[in-house]
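Report on the structure
Chain by chain, the residues run as shown.
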Amino acid sequence: MFGSNSKVWVVGLFVALGLSSWALFRNFEAPWIDGVGIDFNGACWSQSAHNTMRAGLLATRGVPSAFYFGPLPIPPSGYYTHHPPLLSLMLAGMFAVLGEKEWVARLLPITFSLVGVVLLWAIIKDCAGSRAATFGALLFAVMPMELVYGRMVNFEPVNLVWMLGGLFCLRRWEQTGELGWRNWMLAAFVLSLWTAWLGYMFVLILSVHFFTTRHKRYPRLALLLLGLCVASIVLFMLQIHWVQPNAWQDCVAAVRRWISRKGWHGSNVTWNDWGWWISRTLVIRIHPMAWALAVIGGVWLLRYQRKDEPLRWLGWVALCFFVLSAFYVVVFRRASYIHPYAQFYFIVPVAIAGGIAVEALARWCESQSSCARAAGFVAIVGVYAWLVFSGERQGLVLYRHFRILDPNKPEPASLILELSRVINERFPEDTTVICNFFVDYQPQLEYYAQRTILSSKTPAEWTDATSEAELFSKLRWRKLHRRRNLKADERTNVTEGAKNTQVGGVIWLGEPGAKKILAALPAGLREQINVQGIPFCFWTPVVSPKLVALTFDDGPYGEATNQILDILKEERVHATFFLLGINVEKYPAITKRIVNEGHVIGNHSYAHSHLLGYMPTADFQADVRHAENSIVSATGLHPHYYRPPWGWHTPSMDEQLKDMGYVVILWDLGAKDYDQGTSPETIVEEVINNTLSGKKREQVILLHDGRDVQIAYPRQNVIQALPRIIDQLKARGYEFVTVEQITHQSPYR
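Residues numbered from 1 in each chain as written. Predicted model: local features only at pLDDT ≥ 70, side-chain atom pairs only at ≥ 80, totals over all residues. Heavy atoms only, no water.

**Looking at the overall build of the protein**
A count of helices and strands for the protein gives 32 helices and twelve strands. Oriented by its inertia axes, the alpha-carbon framework of the protein measures out at about 120 × 65 × 45 Å. Going through the 749 residues of the protein one by one, you find that 56% of them count as buried. Approximately 31,400 Å² of the protein is accessible, and the part contributed by carbon and sulfur atoms is 60%. (Helix = DSSP H or I, 4+ residues; strand = E, 2+ residues; numbered from the N terminus. Buried < 20%, exposed > 50% of the residue type's maximum accessible area, 1.4 Å probe, protein only. Areas by Shrake-Rupley, 256 points an atom, 1.4 Å probe, with all protein chains shown as cover.)

Take a look at the structure:
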């Protein structure tokens with residue numbers, strides 16, 4: 001009844017699934033507040049999925065943005081380009097269907113973990129029988145590494161299933177010869193490649209094995225797997241380069257960082273320190289008794305695998321995972337030192353070899369007397385009972401509440417959620433919040449606040465907080481440099497848009513240096529708020545408004561100018577028009593409309609001649625006066641502003657214009673809208689991106705409602721782009737003014 005292939009052992013699979021479910025579904029709907037790395041990953045990958053949903057799949061190209069918590073659009077520095085994208089995309093799909101909740105994110109790794117139990121059971125069953133499969137699956141299910149990290153929203157639980165699934169299909173293909181199983185195997189391995197870098201390592205290990213196997217189809221399979229690896233890496237590199245120009249350098253820097261011997265804070269880690277830490281981690285997260293059983297099972301497999309092909313195949317599976325784990329842990333020293341779940345894949349060879357060891361004991365008991373047999377099975381039950389008890393207890397020990405203030409002192413469990421809510425309510429979306437706590441980088445507070453949060457305990461840094469967001473640039477650089485090991489010449493890309501970033505502050509008044517920070521704060525609104533009984537000072541600096549002045553050249557231009565005036569009237573925006581005298585003479589009524597609707601006008605020469613800079617003084621002044629007379633005739637106003645055609649002017653021209661009562665007005669940014677081949681989309685993108693990346697809070701934008709003196713030149717690209725430009729800049733907090741409010745000089749004499 002209880003033989004090695006008895007159907008009764010299928011019950012053992014459901015027992016293993018029950019034990020896994022019991023642990024994995026604990027606190028299923030809890031927020032991301034664990035502090036040992038489990039919820040760290042949950043928050044950052046949930047944020048990546050959130051960004052993909054709000055920005056759109058086309059805008060992000062599917063590239064993760066796990067550590068970006070600011071407003072749209074996502075800047076190039078906001079993308080997390082050195083990780084494959086499949087996990088983030090799977091989460092985004094689940095969020096789209098089930099909603100953005102913690103339990104939805106946890107459902108992904110938990111589901112895969114349970115499927116992993118089933119696949120492992122099926123693989124062992126096929127090679128060693130149902131009883132050995134049950135022993136192995138039970139051992140897998142009760143290990144602290146699986147109980148804790150099997151529910152972590154990260155690559156490990158997902159990628160393990162792709163690997164086991166590929167091996168399961170490989171075994172079926174070898175047994176049946178059906179190409180369908182081979183295709184499913186290849187699909188599983190491709191999914192593994194797009195889930196984690198360890199997928200590449202695993203496929204390469206398999207390829208090396210297949211190259212050394214005599215069967216004629218295996219070398220071809222190895223070449224096919226290597227081809228899939230090359231194709232995947234090329235597509236991945238093209239994908240990330242699409243959203244971040246320096247993405248390839250970022251990947252290289254990441255590899256160098258992970259194989260270095262530095263710890264979290266940059267200090268070197270000796271081999272002794274590293275070895276002690278890895279040994280301690282492996283013993284804590286994989287029970288010593290499980291290791292002991294694995295050693296016994298490994299010896300047993302080595303002894304009998306030559307006589308039994310299925311056992312040999314099972315031993316090969318265990319060896320593949322062992323080599324994978326050992327290679328990753330040893331070569332990528334920094335990753336294995338700072339990530340306690342880096343040794344996750346060791347649980348597969350331990351479960352396989354351990355299950356075989358218990359199966360060997362069961363077979364030995366079957367050959368003994370009834371008393372010895374009963375004693376043996378009682379011992380097996382006792383071992384597993386102890387593993388369940390100790391695994392559950394150790395799993396609970398590994399959970400620890402994340403503390404954002406003082407890691408050595410208790411704080412309310414709901415502090416992260418409540419403080420995040422207040423930050424979200426008090427600060428606009430594009431605000432970067434600076435605090436004097438939150439030193440150990442964890443994304444939970446940023447995730448719930450949906451604000452970029454930077455930490456500084458240095459009072460001197462707070463004095464720069466309103467200096468064009470220089471403090472943001474400094475702290476943001478420090479934070480990303482620590483995580484991504486960026487080079488100094490990449491600072492411009494990293495701090496993209498920093499000059500226009502709003503800054504706010506949250507000062508924990510219980511921090512020892514809080515008084516010095518309060519004394520160093522620039523002028524602004526201060527409000528003390530108690531959150532869960534803990535006092536904080538919320539500070540909003542006094543900053544100048546962000547102003548943009550729309551200017552239009554080469555008009556008036558018939559119906560094109562009228563349509564632009566209609567849009568400005570509907571949007572309640574005033575602009576500055578630099579007029580050509582020849583066009584004013586043709587459209588005096590439109591010129592009057594410009595002035596009557598509250599817009600400002602300036603002189604842009606008479607006929608937009610490219611020879612103005614080469615004209616004798618008398619001829620140049622005559623052109624300016626000719627244009628001015630046309631404007632005065634139509635409006636009665638004497639313009640004070642002069643914009644030279646193409647922005648080209650000489651010191652001599654400037655001196656002459658000054659003597660004539662003019663001030664030269666240029667611009668800060670344009671979009672080549674004068675070319676009818678420039679699409680509305682390009683105009684919008686250029687204007688918005690250039691405005692956001694500008695260093696000044698007051699910027700003059702150049703557009704065109706005309707085209708020299710060509711009356712029939714279409715202006716539809718500008719007309720279609722203008723409403724979107726206005727809407728997007730308003731959404732980012734920009735105020736539209738005329739040039740007068742920026743230059744503080746009257747437009748008329």
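**As for helix H17 (residues 347–366)**
An ideal rise of 1.5 Å per residue puts 28 Å on 20 residues; H17 measures up with 28 Å between its terminal C-alpha atoms. The element H17 is largely enclosed, with a buried count of 16 among its 20 residues. (Expected span 1.5 Å × (residues − 1).)

**Brief notes about helix H25 (residues 559–571)**
Taking 1.5 Å of rise per residue, 13 residues should cover 18 Å, and H25 covers 18 Å from first to last C-alpha, within 8% of that figure. Regarding H25, the residues found buried are Ala 560, Thr 561, Asn 562, Ile 564, Leu 565, Ile 567, Leu 568 and Glu 571. Against strand E6 (546–555), strand E7 (576–579), helix H27 (588–596), strand E11 (698–704) and helix H31 (716–731) lie the buried residues of H25. Looking at the residues trailing H25, positive phi occurs at Arg 572, about 60 degrees. (Contact = heavy atoms within 4.5 Å.)

**With respect to the nonpolar core**
In globular proteins that are soluble, nonpolar side chains generally tend to be buried together. Core analysis: the biggest nonpolar cluster contains 164 residues, and Leu 167, Phe 321, Ile 404, Leu 419, Phe 437 and Phe 536 have the highest contact counts within it. With 15 residues, the top contributor of residues to this core is helix H5 (residues 102–128). Excluding its chain neighbours within four sequence positions, the residues that come into contact with Leu 419 are Ile 404, Phe 437, Leu 445, Val 531, Phe 536 and Phe 538. Among the nonpolar cores identified, the runner-up in size contains 38 residues, and Leu 565, Leu 579, Val 687 and Tyr 713 belong to it. (Core = buried A, V, L, I, M, F, W, Y, C linked by side-chain atoms within 4.5 Å.)

**Section: the packing of aromatic side chains**
For the structure shown, the criterion picks out 33 aromatic pairs. When the ring of Phe 210 is compared with that of Trp 316, the centres are 6.2 Å apart and the planes differ by 40 degrees; the resulting orientation is tilted. With a gap of 106 residues between them, Phe 210 in helix H10 (residues 197–211) and Trp 316 in helix H15 (residues 309–331) connect regions that are remote in the sequence. What makes Phe 210 buried here is its relative accessible area of 1%. A residue is classified by how much of its surface remains accessible, and Trp 316, at 12% relative accessible area, is buried. For the ring pair Trp 277 and Tyr 337, a centre distance of 6.1 Å and an interplane angle of 55 degrees mean the geometry is tilted. With Trp 277 in helix H13 (residues 271–285) and Tyr 337 in helix H16 (residues 333–338), this pair connects stretches of sequence that are 60 residues apart. A relative accessible area of 25% places Tyr 337 in the partly exposed class. Feature note: the residues Phe 40, Trp 45, Phe 67, Tyr 80 and Phe 155 constitute an aromatic cluster, connected by ring pairs. Taking the ring centre of Tyr 734 as reference, the NZ or CZ of Lys 546 above it sits at 4.6 Å. Directly above the ring of Tyr 662 sits Arg 749, whose terminal nitrogen or CZ lies 4.8 Å from the centroid. (Phe/Tyr/Trp six-rings, centres within 6.5 Å; stacked < 30°, edge-to-face > 60°. Lys NZ or Arg CZ within 6 Å of the ring centre and 35° of its normal.)

**Quick notes on the side chain of Asn 159**
If you trace the backbone, Asn 159 turns up in helix H8 (residues 155–176). With residues near it in sequence (within four places) discarded, Asn 159 still touches Ser 192, Thr 195, Ala 196, Leu 198, Gly 199 and Tyr 345.

**Considerations on the side chain of Ser 420**
As for its position among the elements, Ser 420 is in helix H19 (residues 415–426). A relative accessible area of 0% means that Ser 420 is categorised as buried. Among all residues touching Ser 420, those that are not within four sequence positions of it are Leu 415, Leu 445, Tyr 448 and Ala 449.

**Examining the packing of helix H28 (residues 617–635) against helix H29 (residues 651–659)**
With their axes 11 Å apart at the nearest point, H28 and H29 run at an angle of 55 degrees to one another. As far as their axial angle goes, H29 and H28 are oblique. Considering how the two elements wind past one another, H28 and H29 form a crossing that is right-handed. Residues Thr 617, Phe 620, Gln 621 and Val 624 of H28 pack against Met 653, Gln 656 and Leu 657 of H29. Of the residues in the contact of H28 with H29, the class split is four nonpolar, three polar and no charged. (Axes fitted to C-alpha atoms, helices over the stretch in contact; angles between N-to-C directions. Parallel < 35°, antiparallel > 145°, perpendicular 65-115°, else oblique. Left-handed = near helix turned anticlockwise from the far one by under 90°. Nonpolar A, V, L, I, M, F, W, Y, C, P; charged D, E, K, R; others polar.)

**Concerning unusual backbone geometry**
Put simply, Leu 72 and Pro 73 share a cis peptide bond, and its omega is 0 degrees. Along the chain, Pro 73 turns up in the loop between helix H3 (57–60) and helix H4 (86–98). The linkage connecting Gly 555 with the following residue, Pro 556, adopts the cis geometry, with an omega of -5 degrees. Following the sequence through the fold, Pro 556 ends up in the loop between E6 and H25. Positive phi is not limited to glycine here, since Arg 61 has a value of about 60 degrees. Looking at the secondary structure, you find Arg 61 in the loop between H3 and H4. Overall, Arg 61 belongs to the partly exposed group, its relative accessible area being 31%. Phi angles above zero are rare outside glycine, and Arg 572 is one such case at about 60 degrees.

**Section: the sheet that holds strand E3 (residues 502–508)**
By definition, the strands of a sheet pair up through backbone hydrogen bonds, in either a parallel or an antiparallel sense. Spatially, E2-E1-E3-E5-E4 is the arrangement adopted by the five strands of the open sheet, whose pairing is mixed. The sheet terminates laterally at strand E2 (452–455) and strand E4 (524–531), the two strands that pair on one side only. The mean inter-strand angle of the sheet, taken between neighbouring strand axes irrespective of direction, is 25 degrees. As defined by bridge partners, E3 adjoins strand E5 (residues 534–541) across four bridges and the pair is classed as antiparallel. For Gly 505, the partnering residue across the bridge sits in E5 and is Trp 539. (Pairing = 2+ DSSP bridges.)

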